[in-house]
Amino acid sequence: MGVTKDEVESSLTTKLNPTHLEVIDTSGGCGASFAIEIVSEQFEGKRLLERHRLVNAALENEMKEIHALSIKKALTPEQWKQQQST
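For clarity, every value in this text was computed on a predicted model and none was experimentally measured. Here the residue numbering is sequential within each chain, running from 1 through the sequence in written order. Note on the predicted model: pLDDT of at least 70 is required for a residue's local features to be given, and 80 or more for side-chain atom pairs to be given and counted; whole-chain, interface and lining totals, by contrast, use all residues. Remark: hydrogens and water are excluded; side-chain values derive from all non-hydrogen atoms of the structure.

Novice: Any chance you could explain the pattern of salt bridges here in plain terms?
Specialist: Any two side chains of opposite charge can pair, given that their charged atoms come close. A carboxyl oxygen of Asp or Glu within 4 Å of a side-chain nitrogen of Lys or Arg is what we treat as a salt bridge. A full pass over the atoms with the stated rule returns 1 salt bridge. When the shortest N-O distance is used, the salt bridge between Lys5 and Glu9 registers 3.6 Å. You can see Lys5 and its partner Glu9 sitting in helix α1 (residues 5-16), 4 residues apart, about one turn around the helix. By the criteria applied, helices consist of DSSP H or I runs no shorter than four residues and strands consist of E runs no shorter than two, each listed in order from the N terminus.

Novice: Could you clarify how one ought to interpret the nonpolar core in this entry?
Specialist: Nonpolar side chains tend toward joint burial in soluble globular proteins. Working definition of a nonpolar core: buried Ala, Val, Leu, Ile, Met, Phe, Trp, Tyr and Cys residues. They are joined through side-chain atoms within 4.5 Å. Buried residues are those whose accessible area, probed at 1.4 Å on protein chains only, stays under 20% of the maximum for their type, while exposed residues exceed 50% and partly exposed ones sit between those limits. Among the nonpolar cores identified, the biggest contains 15 residues, and Val8, Leu12, Leu16, Ile36, Ile38 and Val55 are the most heavily contacted of them. Residue contacts follow a heavy-atom distance rule, with two residues in contact if any of their heavy atoms lie within 4.5 Å. If near-sequence neighbours (up to four positions away) are discounted, Val55 is found in contact with Leu12, Leu16, Ile36, Ile38, Phe43, Leu69 and Ile71.

Novice: Would you explain the sheet that holds strand β2 (residues 33-39) in this entry?
Specialist: Two strands in a sheet stick together by hydrogen bonds in their backbones, pointing the same way (parallel) or opposite ways (antiparallel). Should DSSP find at least two bridges between two strands, the strands are regarded as paired. The strand order across the open sheet formed by 3 strands is β1-β2-β3, and the pairing between neighbours is mixed. Strands at the two margins of the open sheet, each flanked by one partner only, are β1 (20-25) and β3 (68-75). When strand polarity is set aside, the average angle formed by the axes of neighbouring strands in this sheet is 10 degrees. Relative to β3, β2 runs parallel, the two being bridged by 7 bridges. Angles run from 0 to 180 degrees between N-to-C directions of axes, and those axes are lines fitted to C-alpha atoms, restricted for helices to the stretch in contact.

Novice: Honestly, the confidence of the model for the protein in this entry has me stumped. Any pointers?
Specialist: For any part of a model where pLDDT is low, the fine detail of the predicted coordinates should not be relied upon. Confidence scores labelled pLDDT are given residue by residue by the predictor and lie between 0 and 100. Taken residue by residue, the protein gives an average pLDDT of 94. The fraction at 70 or more is 99%. Taken element by element, the predicted model of the protein shows its lowest mean pLDDT in helix α3 (residues 77-84) (94) and its highest in helix α2 (residues 48-58) (97).

Novice: Explain the pairing of β2 here, please?
Specialist: On a regular strand, one side chain projects to one face of the sheet and the next to the other, so that they alternate. Most of β2 is tucked away, with 7 of its 7 residues classed as buried. Residues of β2 alternate between two faces, with Ser33, Ala35, Glu37 and Val39 on one and Phe34, Ile36 and Ile38 on the opposite face, all of them buried. Crossover β2 to β3 through α2 is right-handed. With strands facing away from the observer, any crossover in which the path from the first strand over the helix to the second runs clockwise is taken as right-handed.

And the structure:
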């Protein structure tokens, strides 16, 4: 069996302490593909690639069963605030 949306959310919440997190199972329920939007203070001062690596590291165990992970947004709280006000 694949990974659940709740498992992905739990790992990201525990390891990255996001202020905003949206996880969408894009696999139709089998847990093989997810789209993620995440906002975390841990992204401060990091380039996009470094942010994606943090997300992948946080999901290290889950990635063994996930075939596709789309990180739609990996923003700092300030960047998120700016996007919400436009």
